[in-house]
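Inside the fold
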Amino acid sequence: MSGSSRAPATLLLAHGSGGRLTHELVREAFLPVLGNRFLATLTDAAVLPELPPGRPTLTTDAFVVDPAVFPGGDLGYLSVVGTVNDLAMVGARPLWLTWALVLEEGAPGELISTCATGAARAAAEAGIAIVAGDTKVVPRGKGDGIYATTAGLGVVPLGRDVGDHRIMPGDAVLVSGPIGDHGATIMACRHGLGSDGLRSDCASESALVEALFASGADVHSLHDPTRGGVLAICHETAERSGLRIHLDELAIPVRPEVCAVCEVLGLEVLSLACEGRVVAWVAKRDAGAALAAMRAHPGGEGAAIIGRVDERRAGEVGLVLETAAGGRRPLDLLSGSDLPRIC
């Protein structure tokens with residue numbers, strides 16, 4: 001980040017008209033923190049250099065988190081790391097992002113500056129560039145402050161193959177750290193529970209994923225447990241693979257503060273969103289090497305082996321929790337959502 005974001009005190013509808021105020025918004029609020037040689041041209045599209053060898057990978061996402069600023073992050077920071085992580089989960093090395101905002105008339109300039117600065121900080125940490133963007137302003141009452149939409153481009157290096165098609169019986173299931181931090185923090189903020197000890201896990205996981213591959217472990221599949229949490233991605237993975245996943249309740253790392261929020265609000269911790277965690281399926285023989293690689297990386301110190309994969313017989317459910325009491329409980333997706341606008 002080469003400068004500071006200087007958004008207007010209050011956003012006007014005219015800031016989205018394409019006239020002088022629009023140009024001032026872009027040049028004063030966004031370019032000082034996001035500017036790079038691609039974005040600085042302010043042309044209709046970014047002209048990029050040739051891609052490194054490998055398979056191009058493209059993702060897109062939208063972010064509507066409420067509140068837009070929370071302990072551990074903000075919508076801008078979240079939108080960039082969320083997109084970077086989506087690329088990393090297919091084994092790609094993230095390269096470039098686009099970033100578009102929908103802003104509501106009357107939105108405070110401080111919010112815009114915070115999110116622009118957060119996006120720039122996330123891009124710098126991940127080693128990528130935001131090369132194109134857009135801003136739209138909608139009338140008061142039509143946009144709830146600020147929304148973001150991203151697209152991310154990366155490359156899967158030659159010879160790297162990651163996906164649920166590679167999961168097999170015997171695989172170990174690992175998580176890179178305590179789960180539920182993001183979801184619990186957002187819900188605590190919404191319900192006025194206070195945030196002492198709570199902080200979103202919002203972070204880029206690209207470097208940790210690269211460390212995992214560098215360890216030599218045979219990594220079969222990767223997922224980031226965002227909406228729906230560990231429960232959702234394990235359930236979906238079991239369905240896609242046709243196998244059975246056993247999770248060990250005692251092995252799953254959860255912070256006490258997160259458990260407390262779940263108890264107060266009646267939430268299932270396995271369904272809480274994470275925004276800086278990786279769930280990995282790794283060949284059984286390499287589970288130790290993969291765990292060591294995660295724990296050696298900043299942000300992965302709390303990594304754990306939380307389950308295993310087995311064959312699934314006819315009539316069996318795909319996801320089972322081996323409980324602390326010694327029993328087994330089948331797990332299914334929630335019928336609704338306790339956590340709207342979580343990311």
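In this report, the structure presented in the accompanying data block is examined. Since this is a predicted model, take the numbers as computed values, not measurements. (Residues numbered from 1 in each chain as written. Predicted model: local features only at pLDDT ≥ 70, side-chain atom pairs only at ≥ 80, totals over all residues. Heavy atoms only, no water.)

1. Brief notes about the sheet that holds strand β11 (residues 304-310)
Counted only if it meets this: One requirement defines pairing of two strands: DSSP has to find at least two bridges between them. Secondary structure counts use DSSP, requiring at least four H or I residues in a row for a helix and at least two E residues in a row for a strand, with both numbered from the N terminus. Whenever a helix is involved, its axis is fitted only over the stretch in contact; in every case the axis is a line through C-alpha atoms, and angles between N-to-C directions fall within 0 to 180 degrees.
Pairing in this open sheet of seven strands is mixed, and the strands run β8-β10-β7-β11-β9-β12-β13 from one edge to the other. Looking at the sheet topology across the chains shown, the edges are occupied by β8 (219-223) and β13 (328-330). Shown here is a sheet whose adjacent strand axes are inclined to one another by a mean of 25°, direction ignored. Pairing of strand β7 (residues 172-175) with strand β10 (residues 279-282), which is carried by four bridges, proceeds in the antiparallel orientation.

2. Here we look at the pattern of salt bridges
For the record, the criterion: One side-chain nitrogen of Lys or Arg within 4 Å of one carboxyl oxygen of Asp or Glu is enough to make a salt bridge. Three labels apply to residues, based on accessible area from a 1.4 Å probe with only protein chains included: buried if under 20% of the type maximum, exposed if over 50%, partly exposed otherwise in between.
Applying the stated criterion across every chain, the model contains 19 salt bridges. Residue Glu239 pairs with Arg312 through a salt bridge whose shortest N-O separation is 3.5 Å. Here Glu239 is found in helix α6 (residues 229-241), whereas its partner Arg312 is found in the loop between β11 and β12 (319-322), with 73 residues between them in sequence. What makes Glu239 partly exposed here is its relative accessible area of 46%. For Arg312, a relative accessible area of 24% puts it in the partly exposed group. Of the charged contacts, one joins Arg308 and Glu322 as a salt bridge, the two residues approaching to 2.9 Å between their closest N and O atoms. Here Arg308, found in strand β11, pairs with Glu322, found in strand β12; they are 14 residues apart in sequence, far enough to count as distant.

3. A look at helix α1 (residues 20-34)
Because the α-helix completes a turn every 3.6 residues, residues three or four places apart line up on one side. Spelled out, the test is: Helices are assigned an expected span. That span is 1.5 Å times one less than the residue count. For a residue, the bend is simply the angle between two axes, fitted respectively to the seven-residue segment ending there and the seven-residue segment starting there. Two residues form a contact once any of their heavy atoms are found within 4.5 Å.
Taking 1.5 Å per residue, 15 residues should reach 21 Å; α1 reaches 20 Å between its end C-alpha atoms and fits that length. Arg27 marks where α1 bends most, by close to 30°. The set of residues buried in α1 consists of Thr22, Leu25, Ala29, Phe30, Leu31, Pro32, Val33 and Leu34. The inward-facing, buried residues of α1 contact β4 (93-104), α3 (109-126) and β5 (129-138).

4. Examining the side chain of Thr59
When you line up the elements, Thr59 lands in strand β1 (residues 55-63). Using a relative accessible area of 15% as the deciding quantity, one classes Thr59 as buried. Those residues within four positions of Thr59 in sequence are excluded, and the remaining contacts are Thr83, Asp86, Leu87, Thr150, Ala151 and Gly152.

5. Some words on the pairing of β11
Here four bridges tie β7 to β11, and the two strands are oriented antiparallel to one another. By the bridge assignment, Ala172 is partnered in β11 with Arg308.

6. Here's the deal with the sheet that holds β1
Either a parallel or an antiparallel arrangement is found when strands of a sheet pair, and the pairing is made through backbone hydrogen bonds. The strand order across the open sheet formed by four strands is β1-β6-β4-β5, and the pairing between neighbours is mixed. A strand with exactly one partner marks an edge of an open sheet, and here the two such strands are β1 and β5. Ignoring which end each strand starts from, the neighbouring axes of this sheet average 15° apart. Pairing geometry for β1 and strand β6 (residues 146-156), over nine bridges, is antiparallel. In the sheet register, Ala62 faces β6, and the bridge partner there is Thr149. On the sheet, α1 packs against β4 and β5 and is oriented at approximately 155° with respect to β4.

7. Here's the deal with the packing of aromatic side chains
Note the following rule: Aromatic pairing here means that ring centres of Phe, Tyr or Trp (its six-membered ring) are within 6.5 Å. Orientation follows from the plane angle: under 30 degrees is stacked, over 60 is edge-to-face, and everything else is tilted.
According to the stated counting rule, one finds one aromatic pair in the structure shown. Centre to centre, the rings of Phe30 and Trp99 are 6.3 Å apart; their planes meet at 85°, and the pair counts as edge-to-face. Here Phe30 is found in helix α1, whereas its partner Trp99 is found in strand β4, with 69 residues between them in sequence. Side by side, Phe30 and Trp99 carry an identical accessibility label, which is buried.

8. Observations concerning helix α8 (residues 287-295)
This is how the line gets drawn: Arc definition: directions from the helix axis to the C-beta atoms.
Every buried residue belonging to α8 is among Ala287, Ala290, Leu291, Ala293 and Met294, and all of these are buried. Summarising the axial view, the buried residues of α8 lie within an arc of 160°, below the 170-degree limit, and thus occupy one face.

9. Structural notes on unusual backbone geometry
A cis amide bond, omega 5°, links Asp66 with the succeeding residue Pro67. Turning to its location among the elements, Pro67 is positioned in the loop between β1 and β2 (69-70). Look at Arg341: it is not a glycine, yet its phi comes out positive at around 55°.

Remember that the coordinates give geometry; whether it matters functionally is a separate question.
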